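A closer look at the structure
Take a look at the letters that make up each chain.
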Amino acid sequence: ETGVTQTPRHLVMGMTNKKSLKCEQHLGHNAMYWYKQSAKKPLELMFVYSLEERVENNSVPSRFSPECPNSSHLFLHLHTLQPEDSALYLCASSHSGRDFTDTQYFGPGTRLTVL
Amino acid sequence: QKEVEQDPGPLSVPEGAIVSLNCTYSNSAFQYFMWYRQYSRKGPELLMYTYSSGNKEDGRFTAQVDKSSKYISLFIRDSQPSDSATYLCASLGSARQLTFGSGTQLTVLP
């Protein structure tokens, strides 16, 4: 596959479950991002990793835990989520996480529903 | 007040119409302005970006920035059904983060 891929595409979980979202980029980029997209609301930047180092963390609750084992993979570990966390979670990558004018390429997203 | 305001629509136009999509922003530090297009069940993709004030044209698309009024516009000429999507404006300021509008849903009717 090319570009940015995300798995799973859909996820339904209970408030006590633990699950992980996976993102993989095949573009040779050095930066990866997690965004949250809720209905009728702007995209919210959650985390930024540049060269596997977390460079931004926008006051995201600790029930969301990112992991970036290498520059091609990004995970978002989820535990004890709330129903208001239901949203589309988008992963993106760019050449550099230091130059925010670099074009960000988005994956298709994971549609998360928390019951 | 949101840093970037965008009318969510929905907006429906007939094929061939000129479409005008607009955003306003409040942060004077914003310098780069972008338009993303998001098809249903897909992630956003960058359509165009501009720096500071002025116009930028790419085929049927024209992006316009007026920094004096803090107004961002995207015009689509000869709109096609394939243009039906949600259009997101975004700005990049000194905080080095993209700030997005909430998106405008556009439907071009054949």
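This text gives an overview of the structure that appears in the document. (Residues numbered from 1 in each chain as written. Chains lettered and ligands numbered in written order. Predicted model: local features only at pLDDT ≥ 70, side-chain atom pairs only at ≥ 80, totals over all residues. Heavy atoms only, no water.)

1. Section: the side chain of B:Ser91
Rule in force here: Helix numbering and strand numbering both begin at the N terminus, where a helix is a DSSP run of H or I of at least 4 residues and a strand a DSSP run of E of at least 2. Throughout, a residue-residue contact means that at least one pair of heavy atoms, one from each residue, lies within 4.5 Å.
By the secondary structure assignment, B:Ser91 is in strand S9 (residues 85-92). If we skip the residues at most four places from it in the chain, B:Ser91 touches B:Val4, B:Phe30, B:Tyr32, B:Phe33, B:Ile72, B:Gln97, B:Leu98 and B:Thr99.

2. Quick look at the sheet that holds strand S1 (residues 4-7) of chain A
Residue and element names in this part refer to chain A. Note the following rule: Pairing between two strands is assigned when DSSP locates at least 2 bridges connecting them. Fitted lines through C-alpha atoms serve as axes, helices being fitted only where they are in contact, and the angles separating the N-to-C directions of these axes extend from 0 to 180 degrees.
Pairing in this open sheet of four strands is antiparallel, and the strands run S1-S3-S8-S7 from one edge to the other. The open sheet has two edge strands, S1 and strand S7 (64-70), and neither has a second partner. Neighbour-to-neighbour, the strand axes of this sheet turn through a mean angle of 20 degrees, independent of strand direction.

3. Regarding the packing of aromatic side chains
The criterion, for reference: Two rings belonging to Phe, Tyr or Trp (six-membered ring only in the last case) form a pair when the distance between their centres is within 6.5 Å. Interplanar angles under 30 degrees mark stacking, angles over 60 mark edge-to-face geometry, and anything in between is tilted. For the exposure calls, accessible area comes from a 1.4 Å probe over protein chains only, and a residue counts as buried if that area is under 20% of its type's maximum, exposed if over 50%, partly exposed in between.
With the rule as written, the count across this model stands at nine aromatic pairs over all chains. Consider the rings of A:Tyr33 and A:Tyr35, whose centres lie 6.3 Å apart with planes at 25 degrees: the pair is stacked. Both residues of the pair, A:Tyr33 and A:Tyr35, belong to the buried class. When the centroid spacing of 5.3 Å and the interplanar angle of 45 degrees are considered together, the rings of A:Tyr35 and A:Phe106 count as tilted. Linking A:Tyr35 in strand S4 (residues 31-37) with A:Phe106 in strand S10 (residues 105-106), this pair joins segments that are 71 residues apart in sequence. Just as A:Tyr35 is buried, A:Phe106 falls in that class too. Here the aromatic residues A:Tyr33, A:Tyr35, A:Phe106, B:Tyr36 and B:Phe100 are joined through ring pairs into a cluster of three or more.

4. Some points on the sheet that holds strand S8 (residues 71-76) of chain B
By definition, the strands of a sheet pair up through backbone hydrogen bonds, in either a parallel or an antiparallel sense. Residue and element names in this part refer to chain B. Strand order in this open sheet of five strands is S1-S3-S8-S7-S6, and the pairing throughout is antiparallel. The open sheet has two edge strands, strand S1 (4-6) and strand S6 (54-58), and neither has a second partner. If you compare each strand with its neighbour and ignore which way they point, the axes differ by 15 degrees on average. Pairing geometry for strand S7 (residues 61-66) and S8, over six bridges, is antiparallel. Each residue of the ladder has a partner; that of Gln64, found in S8, is Ser73.

5. Examining the interface of chain B and chain A
Here is the rule we go by: In short, buried area is how much 1.4 Å probe accessible area vanishes from two parts on joining, totalled over both. Between Lys or Arg on one side and Asp or Glu on the other, a salt bridge is scored when a side-chain nitrogen of the former is within 4 Å of a carboxyl oxygen of the latter. Whenever a nitrogen or oxygen atom comes within 3.5 Å of another N or O atom, the pair is scored as a polar contact, on the condition that within protein one atom can donate a hydrogen and the other can accept it, and that pairs from neighbouring residues in sequence are kept only if both atoms are in side chains.
Across the boundary between the two partners, chain B contributes 19 residues, which contact 21 residues of chain A. Both faces considered, chain B and chain A share a buried interface measuring about 1,700 Å² in area, 55% of it formed by carbon and sulfur atoms. On inspection of chain B and its partner chain A, the count reaches zero salt bridges. Inspection of the region where chain B meets chain A yields three residue pairs in polar contact (both at pLDDT 80 or more). For the side of chain B that touches chain A, the secondary structure elements donating two or more residues are strand S4 (32-38), S9 and strand S10 (98-100) of chain B. Top contributing element to the side of chain B that touches chain A by residue count: S4(B), with four residues.

6. A closer look at the pairing of strand S11 (residues 110-114) of chain A
Residues and elements named next belong to chain A. Burial along S11 is one-sided: Thr110, Leu112 and Val114 are buried, while Arg111 and Thr113, pointing the other way, are not. Note: strand S2 (residues 10-13) against S11, four bridges, orientation parallel. Its bridge partner being in S11, Met13 is matched across the sheet by Val114.

7. Observations concerning the state of the cysteines
All names here are of chain A. Note the following rule: In what follows, a disulfide is any cysteine sulfur pair within 2.5 Å.
This structure, assessed with the given rule, holds two disulfides over all chains. In this model, Cys23 is linked to Cys91 through a disulfide, with the two sulfur atoms separated by 1.9 Å. Negative torsions about the S-S bond denote left-handed disulfides, and the value of about -75 degrees found for Cys23 with Cys91 makes this one left-handed. Separated by 68 residues along the polypeptide, Cys23 in strand S3 (residues 18-25) and Cys91 in strand S9 (residues 87-94) bring together distant segments of the chain. For Cys23, a relative accessible area of 0% corresponds to the buried category.

8. A short note on the environment of A:Leu45
With respect to the secondary-structure elements, A:Leu45 resides in strand S5 (residues 44-50). Assessed through its relative accessible area of 8%, A:Leu45 is described here as buried. When neighbours within four sequence positions are excluded, A:Leu45 is seen to be in contact with A:Tyr33, A:Trp34, A:Tyr35, A:Asn58 and B:Gln97.

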